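Read off the chains here:
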Amino acid sequence: MKSGAVEEKSAAMKAQARKNFIAKYGSLMALILLCVLIALVRPRFFSFLNIRNVLRLASINGLLAIGMTFVCLTGGIDLSVGAVMGCAGMYSAFFAQVGMNQPAIVAVAVGVGMGLAIGLFNGVCIAYLKVPPFVGTLGSMSIAESLTYLLTNAKPIPNLSDSFKWIGGGMIGGTIPVPIIIFIGILLISFLLLYKMRYGRYVFAVGGNMMAARISGINTKRIIASVYVISGVLSALAGVITSARVTSGVTNTGEGYETDAIAMVVIGGTSLSGGKGRLWGTIVGILLMVCLSSGLDMLGV
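Residues numbered from 1 in each chain as written. Predicted model: local features only at pLDDT ≥ 70, side-chain atom pairs only at ≥ 80, totals over all residues. Heavy atoms only, no water.

Caption draft 1: Summary view of the overall build of the protein chain. Secondary structure assignment for the protein chain yields twelve helices and two strands. With the C-alpha coordinates aligned to their principal axes, the bounding extent of the protein chain is approximately 85 × 55 × 30 Å. Here the protein chain holds 301 residues, and 46% of them are scored as buried. Surface exposure of the protein chain reaches about 14600 Å², of which carbon and sulfur atoms provide 68%. Looking at charge distribution, the protein chain has the averaged site of its 22 positive side-chain charges lying 12 Å from that of its 9 negative ones. (Helix = DSSP H or I, 4+ residues; strand = E, 2+ residues; numbered from the N terminus. Buried < 20%, exposed > 50% of the residue type's maximum accessible area, 1.4 Å probe, protein only. Areas by Shrake-Rupley, 256 points an atom, 1.4 Å probe, with all protein chains shown as cover. Lys, Arg positive; Asp, Glu negative; His and termini not counted. Charge placed at Lys NZ, Arg CZ, Asp CG, Glu CD.)

Caption draft 2: Representation of a nonpolar patch on the surface in the model. A surface patch of nonpolar side chains, amounting to about 910 Å² of accessible area, comprises Ile-32, Leu-33, Val-36, Leu-37, Leu-40, Val-41, Leu-292, Leu-296, Leu-299 and Val-301. Elements with a contribution of two residues or more to the nonpolar patch: α1 (2–41) and α12 (279–298). At six residues, the largest contribution of residues to the nonpolar patch is made by α1. Residue position: Leu-296 is located in helix α12. (Patch = residues over 30% accessible without salt bridge, like charges linked within 9 Å, V, L, I, M, F, W, Y side chains within 5 Å. Salt bridge = Lys/Arg side-chain N within 4 Å of Asp/Glu carboxyl O.)

Caption draft 3: Helix α4 (residues 104–128), seen in detail. If you check α4, its first and last C-alpha atoms are 35 Å apart, about what 25 residues at 1.5 Å a residue would give, namely 36 Å. Lys-130 lies just past α4 and shows a positive phi near 60 degrees. (Expected span 1.5 Å × (residues − 1).)

Caption draft 4: View of the nonpolar core. Counting residues in hydrophobic clusters, the biggest one holds 65 residues, and the most contacted among them are Ile-66, Phe-164 and Ile-286. Here this core gets twelve residues from one element, more than from any other, and that element is helix α2 (residues 48–73). Among residues more than four places away in sequence, those in contact with Ile-66 are Phe-183, Ile-186, Leu-187, Ser-190, Leu-234, Leu-279 and Thr-282. Counting ten residues, the second-largest nonpolar core is a separate cluster that includes Val-84, Cys-87, Met-114 and Ile-118. (Core = buried A, V, L, I, M, F, W, Y, C linked by side-chain atoms within 4.5 Å. Contact = heavy atoms within 4.5 Å.)

Caption draft 5: Looking closely at the packing of aromatic side chains. Summed over all chains, the structure comprises five aromatic pairs. Between Phe-94 and Phe-95, the ring centres sit 5.5 Å apart and the planes meet at 80 degrees, which makes this aromatic pair edge-to-face. Accessibility expressed as a relative area gives 25% for Phe-95, which makes it partly exposed. By the ring-pair criterion, three or more aromatic residues cluster together here, those being Phe-191, Tyr-195 and Phe-204. (Phe/Tyr/Trp six-rings, centres within 6.5 Å; stacked < 30°, edge-to-face > 60°.)

Caption draft 6: Geometry of the side chain of Ser-161. Examined against the element boundaries, Ser-161 turns out to sit in the loop between α5 (133–152) and α6 (162–169). When its relative accessible area of 13% is taken as the criterion, Ser-161 is described as buried. Apart from the residues within four sequence positions on either side, Ser-161 is in contact with Ala-96 and Val-98.

Caption draft 7: Quick look at the packing of α2 against α12. Interhelical geometry of α2 versus α12 gives an angle of 140 degrees and a closest axis separation of 9 Å. Taken together, α2 and α12 sit at an angle that is classed as oblique. You can see that α2 and α12 cross each other, and the crossing is right-handed. Of the residues in α12, those touching α2 at Asn-50, Val-54, Leu-55, Leu-57, Ala-58, Asn-61, Gly-62, Ala-65, Ile-66 and Thr-69 are Leu-279, Thr-282, Ile-286, Leu-287, Val-290, Cys-291, Ser-294 and Met-298. In terms of residue class, the contact of α2 with α12 is made up of twelve nonpolar, six polar and no charged. (Axes fitted to C-alpha atoms, helices over the stretch in contact; angles between N-to-C directions. Parallel < 35°, antiparallel > 145°, perpendicular 65-115°, else oblique. Left-handed = near helix turned anticlockwise from the far one by under 90°. Nonpolar A, V, L, I, M, F, W, Y, C, P; charged D, E, K, R; others polar.)

Caption draft 8: Up close: the environment of Leu-193. Structurally, Leu-193 is set in helix α7 (residues 178–195). Under the relative-accessibility criterion, Leu-193 is labelled partly exposed at 23%. Along the backbone, Leu-193 and Val-301 are 108 residues apart, and their C-alpha atoms lie at a distance of 40 Å. In this view, Leu-193 contacts Phe-70, Tyr-199 and Gly-200; residues no more than four positions away in its chain are not counted.

This is how it looks when you write it as structure tokens:
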């Protein structure tokens, strides 16, 4: 009887270990399998040009997903990322027009400033005014869209300066696109914030148990507000890069991107209830969705 109980317990532990392994590495295995299957049908999937194109596309989606990861780790959600992306892209493009005679840094600062302002608005409403994240960010999404159409009356903005267009279409060393460099830099900073600094521990603590975090002395309101600011800034940066890449400001930039960002985060293993998640899992989720899109294009679907 005792031996049977031990064996049953051992089998249960092995089954739980398998479940934990799949939960942790399932998305990574799916990414590898997907890439192998596509490469078997279209060998040029692993060509340098296609990999570079995939990473360039992932860099824009990745900025949104990284910001969304910070928000989801606290148990929140940000539905405004797509609208903020479009709004920031339009305002930066407006100031990057050749006739404005403004340096590219001014256009970038205006775009990122728009994201900072909307992110701060989200954070204050949710953390201090107790507005539910779904409702608060849905409202700011409408505000951002309204600001976009107010600026140009739904018309595109062409004739951007060459220095601004370099941000989205330039190359470092003639081979590496600038958006990839920006994304890698943001990714490294995010890893440091979440895993090497006190701030990251506070983010996980707030998402895991807000009451316990508050009792332990963490300023939970400030932490919650800050993650929405991060999300707004990264969304705006994605919008700036997109406008620079397509060489014009387009009003529907970012439309529907919020669902993609949420999907990437969830596929990567981050819980929408907060307190549980991995930034590297978000990266896997980003690559999985981008590779799927690229692969379907190559297969003619």
